[in-house]
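Okay, here's what each chain looks like letter by letter:
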Amino acid sequence: MAPDTVSLRYFLVLAQELNFTRAATRIGIAQPALSARMRRLEAELGTALLVRNTRSVQLTTAGAALAESAPPALAALDRAWDTARSAAAGELGTLRIGYSLSTGAETVPALVDRLLRGTSGLEVAAVPMATPQIIPAVAEGRIDAGITRGEQPGRGVRRFLLRRARTGVQLAQHHPLADDPQIEIADAAAYPLRLPDRAANPVIHDQLSALFKDTRPQPRFHTPAVAFDMSQRDLHDGLTLAPAGEAAATAQPAGLTWRPLKGASSLTIHLVLPREQSPLHRRIRGVAQTLAQELHWLPD
């Protein structure tokens, strides 16, 4: 049986000092305790490591060999312990995150940056996905976590509210309503309204369309031919409005702006994790909660 590592580390200090008193002082234990440790270490190895006399300590051939070979072995063992601790803390491995495209402008980059900060053993693979595919992928273990707009339906997962944002509209800077600090829902309903395709995100589509259910006449809704257009070309006509969360204001294409809708319910972004959670899952949840607090993503 291999000797315990504490005695081995004590031996290395003694091999450097070649004096029990100085070695015991450096370690922070009593000299008799150190002597007992060394006798036990020699008994475990079945050979003498030290030649003792009243004034000095000398290493035997076995002792000198152990003093030379033990440090790299202990360093390797330390690395193994560190690896185990990192894995237990969720700081090691590859984290696969699927996210809906509309969360990719600000929320997901902030979360990935915080996850990677100071954790060299963690890799994050963040990939955009169609929103209805995210929860099944998390439940089946094909991805480790998901970021979705709205509380998407599905089984086998746990959802955590990550962000709540005001609802408003994206519009051209030269739009007739762009000068208003906030826009009445009825005023917005007088213009063409672009909604996300319901097949791509029924939860958000229904929530946004419900904002206008009491307006008369009913607004003209349309969905773009392109599922996600970074340039927002259709808004540049100076008439079309696109209901969107406040996060849209952080990555506006040139010529566009965002205004809140007065009285509109907020939009939400959720972190989705599997029901059975590993240290890696617990880490992303803890980091997400801290980030949401620091960036005021969940205002009172």
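All of these numbers come straight from a predicted model, not from anything done at the bench. (Residues numbered from 1 in each chain as written. Predicted model: local features only at pLDDT ≥ 70, side-chain atom pairs only at ≥ 80, totals over all residues. Heavy atoms only, no water.)

Undergrad: Outline the packing of aromatic side chains, supporting the account with residue identities and numerical values.
TA: Note on aromatic pairs: each is described by the distance of the centres and the angle between the planes. For the structure on display, the rule yields 1 aromatic pair. Measuring from centroid to centroid gives 6.0 Å for phenylalanine 212 and phenylalanine 221, while their planes differ by 65°, and the two rings are edge-to-face. Classification of phenylalanine 212 as buried rests on a relative accessible area of 0%. (Phe/Tyr/Trp six-rings, centres within 6.5 Å; stacked < 30°, edge-to-face > 60°. Buried < 20%, exposed > 50% of the residue type's maximum accessible area, 1.4 Å probe, protein only.)

Undergrad: Describe helix H6 (residues 131–139), naming the residues involved and giving the relevant values.
TA: Residues three or four positions apart in an α-helix share a direction because the helix packs 3.6 residues into each turn. Turning to H6, its buried residues number three or more, namely Thr131, Ile134, Ile135, Ala137 and Val138. Down the axis of H6, the buried side of the element spans an arc of 165°, and every buried residue falls inside it. At the C-terminal side of H6, glycine 141 shows a positive phi close to 80°. (Helix = DSSP H or I, 4+ residues; strand = E, 2+ residues; numbered from the N terminus. Arc of directions from axis to C-beta.)

Undergrad: Go over the nonpolar core with me, naming the residues and quoting the values.
TA: Ile97, Leu111, Leu115, Ile147, Leu271 and Ile284 are the most contacted members of the largest nonpolar core, which totals 22 residues. Top contributing element to this core by residue count: helix H9 (residues 279–294), with 6 residues. For leucine 115, the residues in contact, after removing those within four places along its chain, are Leu95, Ile97, Leu122, Val124, Arg283, Ile284 and Val287. (Core = buried A, V, L, I, M, F, W, Y, C linked by side-chain atoms within 4.5 Å. Contact = heavy atoms within 4.5 Å.)

Undergrad: Break down the pattern of salt bridges for me, citing the residues and quoting the values.
TA: Two side chains bearing opposite charge may form a pair once their charged atoms approach each other closely. Inspection of every chain in the model, using the stated rule, returns 13 salt bridges. The salt bridge partner of aspartate 206 is arginine 198, with a shortest N-O separation of 2.7 Å. Relative accessible area serves as the criterion here: at 32%, aspartate 206 is assigned to the partly exposed category. For lysine 213, the salt bridge identified is with aspartate 214, shortest N-O distance 3.2 Å. Comparing lysine 213 with aspartate 214, the two get one shared label, exposed. One salt-bridge network, held together by shared partners, links Glu17, Arg22 and Arg26. (Salt bridge = Lys/Arg side-chain N within 4 Å of Asp/Glu carboxyl O.)

Undergrad: Could you give an account of H9, with specific residues and numbers?
TA: End to end, H9 covers 22 Å across 16 residues, agreeing with the expected 22 Å (1.5 Å per residue, within 8%). Among the residues of H9, Leu280, His281, Arg283, Ile284, Val287, Ala288, Leu291 and Ala292 are the ones counted as buried. Mapping the buried residues of H9 onto a view down its axis gives an arc of 160°, with all of them on the same face. One or two positions beyond H9, positive phi appears at histidine 296, with a value near 60°. (Expected span 1.5 Å × (residues − 1).)

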